[in-house]
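These are the residues of each chain, in order.
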Amino acid sequence: MAISYDEVQVGTELPAQSFPVTRATLVRYAGASGDFNPIHWNEKFALEVGLPDVIAHGMFTMAEAARVVTDWVGDPSAVVEYGVRFTRPVTVPNDDAGSVIEVTGKVAALLEDNKVRVDLTATFEGQKVLGMSRAVVRLA
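Residues numbered from 1 in each chain as written. Predicted model: local features only at pLDDT ≥ 70, side-chain atom pairs only at ≥ 80, totals over all residues. Heavy atoms only, no water.

Student: Sorry, what's going on with the overall build of the protein here?
Tutor: Per the secondary structure count, the protein includes three helices and six strands. When the helices and strands of the protein are placed in sequence order, the string is β-α-α-α-β-β-β-β-β. With respect to the principal axes defined by its C-alpha atoms, the protein has extents near 50 × 30 × 25 Å. Within the protein, residue pairs in contact and separated by at least 24 positions form 67% of the contacts whose partners lie at least 6 positions apart. Carbon together with sulfur atoms contributes 52% to the accessible area of the protein, which is approximately 7,700 Å² in total. Averaging the coordinates of the 12 positive side-chain charges in the protein and doing the same for the 18 negative ones gives two points 5 Å apart. (Helix = DSSP H or I, 4+ residues; strand = E, 2+ residues; numbered from the N terminus. Contact = heavy atoms within 4.5 Å. Areas by Shrake-Rupley, 256 points an atom, 1.4 Å probe, with all protein chains shown as cover. Lys, Arg positive; Asp, Glu negative; His and termini not counted. Charge placed at Lys NZ, Arg CZ, Asp CG, Glu CD.)

See below:
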């Protein structure tokens, strides 16, 4: 069932989600995206360029955050705008546990034409990894 514009108000919270990411996840994402930058899979290279470890692709992190919105609205095509600023990398250790990206969202503004602005908070180890993470969504 589609979410109606009349059902939401400023402050409406979207269901929070957790997204695990392992080195295997990064390899699969690299294959799908074509982004084979070694900072996303080669620990030696990542350390040589000054990173603390292999890091998740920024676009992967951005996409996982967007899933909170698309899962809530039920229709990915309802997202008419989406943007973020990358503020901190998500490091991914070479173990079976990997890392976890936590994402919350809430309706921050009611706009014209049945649209709402959703502000997202994406964190890793308690610190924000995306800044100004906002989506504009057209509701039913």
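Next comes the rest of the account.
Student: I tried to follow the pattern of salt bridges on my own but got confused; where do I start?
Tutor: It is possible for side chains of opposite charge to pair when their charged atoms get near one another. According to the stated counting rule, one finds eight salt bridges in the structure shown. Within this structure, Arg23, Glu43 and Asp53 form a network of salt bridges that share partners. (Salt bridge = Lys/Arg side-chain N within 4 Å of Asp/Glu carboxyl O.)

Student: How do you make sense of the environment of Pro93 when you look at a structure like this?
Tutor: Here Pro93 shows up in the loop between β2 (79-86) and β3 (99-110). Judged by its relative accessible area of 24%, Pro93 is partly exposed. Between the C-alpha atom of Pro93 and that of Pro52, which follows or precedes it by 41 residues, the distance is 9.8 Å. The contacts of Pro93, once residues within four sequence positions are left out, are Arg23, Asp53, Gly98 and Ser99. (Buried < 20%, exposed > 50% of the residue type's maximum accessible area, 1.4 Å probe, protein only.)

Student: I would appreciate a short explanation of the side chain of Thr70 in the present structure.
Tutor: Mapped onto the elements, Thr70 comes out in helix α3 (residues 58-73). Beyond its immediate stretch of four places on either side in the chain, Thr70 contacts Asp75, Pro76 and Val79.

Student: What is the right way to look at the pairing of β3 in this model?
Tutor: In the case of a regular strand, side chains alternate between the two sheet surfaces. Strand direction decides the pairing type here: strand β1 (residues 13-21) and β3, joined by seven bridges, are antiparallel. Within β3, the residue paired with Phe19 across the bridge is Ile101. One ladder, built from eight bridges, connects β3 with strand β4 (residues 115-124); its direction is antiparallel. When the bridges of β4 are listed, Glu102 appears paired with Thr123. Two successive antiparallel strands, β3 and β4, enclose a turn made up of four residues, where Asp113 displays a positive phi of approximately 60 degrees. (Pairing = 2+ DSSP bridges.)

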